[in-house]
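Summary of structural features
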Amino acid sequence: MALAFVNGRYLPHAQARVAVEDRGFQFADGVYEVVAIVGGRLVDVDGHMDRLARSLGELRIAWPMSRPALSLVMRELIRRNGVTTGLIYLQITRGAAPRDFKFPVPAVRPTLVMTVRRVARFGSPAQLADGVAVITIPDIRWLRRDIKSVSLLPQVLGKQQAVEAAAFEAWMVDTDGLVTEGCSSNAWIVTADGTLVTRPTDHLILAGVTRGSLLRLAVELGIAVDLRPFSVGEARTAREAFLSSATTFALPVTRLDDQPVGDGQPGDLTRRLRQAYLEAVCGVRP
Ligand code: PLP
């Protein structure tokens, strides 16, 4: 039976509850993280915990327990669920208090929810062999996308639009026609001369933890990197495109708005980066 961790207790999912007055439910006043589990180990966990600290700090939400204690509970929840390949989700909200927009005074205890799920893999064999299709949509989100907030309605609508167009992901586009990022991933291209291009991090995108690790690996591999925004047109004619996230690692994008990207096949650089990530970060032997 799947167990969740809710405010200090390990509970079967069916019995796991948060209060109706929880500010996560009332106002989306909370943050989250998703960390991959490979071979029973948490992938890129320091990066995820650092980003969690930043998200909490930006919203002035207190840690529900110390960072070392949280790390222990994450590992214990994974152990109790017997998951060796999967994902752990952490949600922390400002807590439960009578509905009122401003922060509760005195502060209430933050709500902590953790769940673990087993996944077969981070990108299916078909997705790796053929690449995935992506559509482009206007970016209608707020301007603090650097915070990993549970306020995800634009992404819910974007992913639904993608599914209805038989695509895997939607890349969001700003008013200048430049790609910001995917609904739950960062966006990348490789130019004709083999340069890796992805948008620099600021308040307009989420600093993907997978993105950060892939960039470090690219530098180690001697790949030229250009941190700049790219347009939808440039992506269409790029040599390669891919997306990155904790749930997919690096996944080739071979169709954009129903047109092939490059030769329509997954690219070599994407493959090399994914392999390097699996070996160097996930600890998977070649
Ligand atoms: N951008 C957005 C909007 C996301 O929601 C995510 C992940 O959920 C990412 C990028 C990728 O981040 P990470 O690599 O840390 O999973």
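Each remark here, short or long, concerns the structure printed above.
Parameters at a glance
- Residues numbered from 1 in each chain as written.
- Predicted model: local features only at pLDDT ≥ 70, side-chain atom pairs only at ≥ 80, totals over all residues.
- Heavy atoms only, no water.
- Helix = DSSP H or I, 4+ residues; strand = E, 2+ residues; numbered from the N terminus.
- Expected span 1.5 Å × (residues − 1).
- Buried < 20%, exposed > 50% of the residue type's maximum accessible area, 1.4 Å probe, protein only.
- Contact = heavy atoms within 4.5 Å.
- Salt bridge = Lys/Arg side-chain N within 4 Å of Asp/Glu carboxyl O.
- Phe/Tyr/Trp six-rings, centres within 6.5 Å; stacked < 30°, edge-to-face > 60°.
- Lys NZ or Arg CZ within 6 Å of the ring centre and 35° of its normal.
- Axes fitted to C-alpha atoms, helices over the stretch in contact; angles between N-to-C directions.
- Parallel < 35°, antiparallel > 145°, perpendicular 65-115°, else oblique.
- Left-handed = near helix turned anticlockwise from the far one by under 90°.
- Nonpolar A, V, L, I, M, F, W, Y, C, P; charged D, E, K, R; others polar.

With 13 residues, helix α8 (residues 268-280) ought to run about 18 Å at 1.5 Å a step, and its terminal C-alpha atoms sit 18 Å apart, in line with that. Along α8, the residues that are buried comprise Leu269, Thr270, Leu273, Arg274, Ala276, Tyr277 and Leu278. Check the buried side of α8 and you find it contacts α4 (125-130), β10 (186-190), β11 (196-198), α6 (209-220), β13 (240-245) and β14 (249-256).

A few words now on the pattern of salt bridges. What the rule picks out here adds up to 20 salt bridges. The partner of glutamate 76 in a salt bridge is arginine 80, with the nearest N and O atoms 2.8 Å apart. One end of the pair is glutamate 76 and the other is arginine 80, both in helix α3 (residues 67-81) and four residues apart, which spans about a single turn. Under the relative-accessibility criterion, glutamate 76 is labelled partly exposed at 21%. For arginine 80, a relative accessible area of 42% translates into the label partly exposed. Of the charged contacts in the structure, one is a salt bridge between lysine 159 and glutamate 169, with a shortest N-O distance of 3.2 Å. Taken together, the residues lysine 159 in helix α5 (residues 153-164) and glutamate 169 in strand β8 (residues 169-173) connect sequence positions 10 residues apart. Within this structure, Arg54, Glu58, Arg144 and Asp146 form a network of salt bridges that share partners.

Moving on, we get to the environment of alanine 129. Considering the arrangement of structural elements, one finds alanine 129 in helix α4. Overall, the relative accessible area of 45% leaves alanine 129 in the partly exposed class. Distance in space between the C-alpha atoms of alanine 129 and alanine 53 is 37 Å, their sequence separation being 76 residues.

Here the structure, examined in full by the defined rule, presents six aromatic pairs. Judged by centre distance (4.9 Å) and plane angle (15 degrees), the ring pair of tryptophan 188 and phenylalanine 242 falls under stacked. Here the residue tryptophan 188 occupies a position in strand β10, and phenylalanine 242 occupies one in strand β13, the gap between them amounting to 54 residues. Neither residue differs from the other here; tryptophan 188 and phenylalanine 242 are each classed as buried. Members of the aromatic cluster, joined through ring pairs, are Phe122, Phe249 and Tyr277. Directly above the aromatic system of phenylalanine 103 lies the positively charged group of arginine 94, at a separation of 3.6 Å from the ring centroid.

Glancing now at the packing of helix α2 (residues 45-59) against α3. Viewed as axis vectors pointing N to C, α2 and α3 meet at an angle of 130 degrees, and their least axial separation amounts to 12 Å. Classified by the interaxial angle, the pair formed by α2 and α3 is oblique. Judged by the twist between their axes, the crossing of α2 over α3 is right-handed. Only Arg67, Leu70, Ser71, Met74 and Arg75 of α3 make contact with α2, whose side of the interface consists of Val45, Asp46, Met49, Asp50, Leu52 and Ala53. Classifying every residue of the contact of α2 with α3 by side-chain character gives six nonpolar, one polar and four charged.

Just geometry here; none of it tells us what the structure is for.
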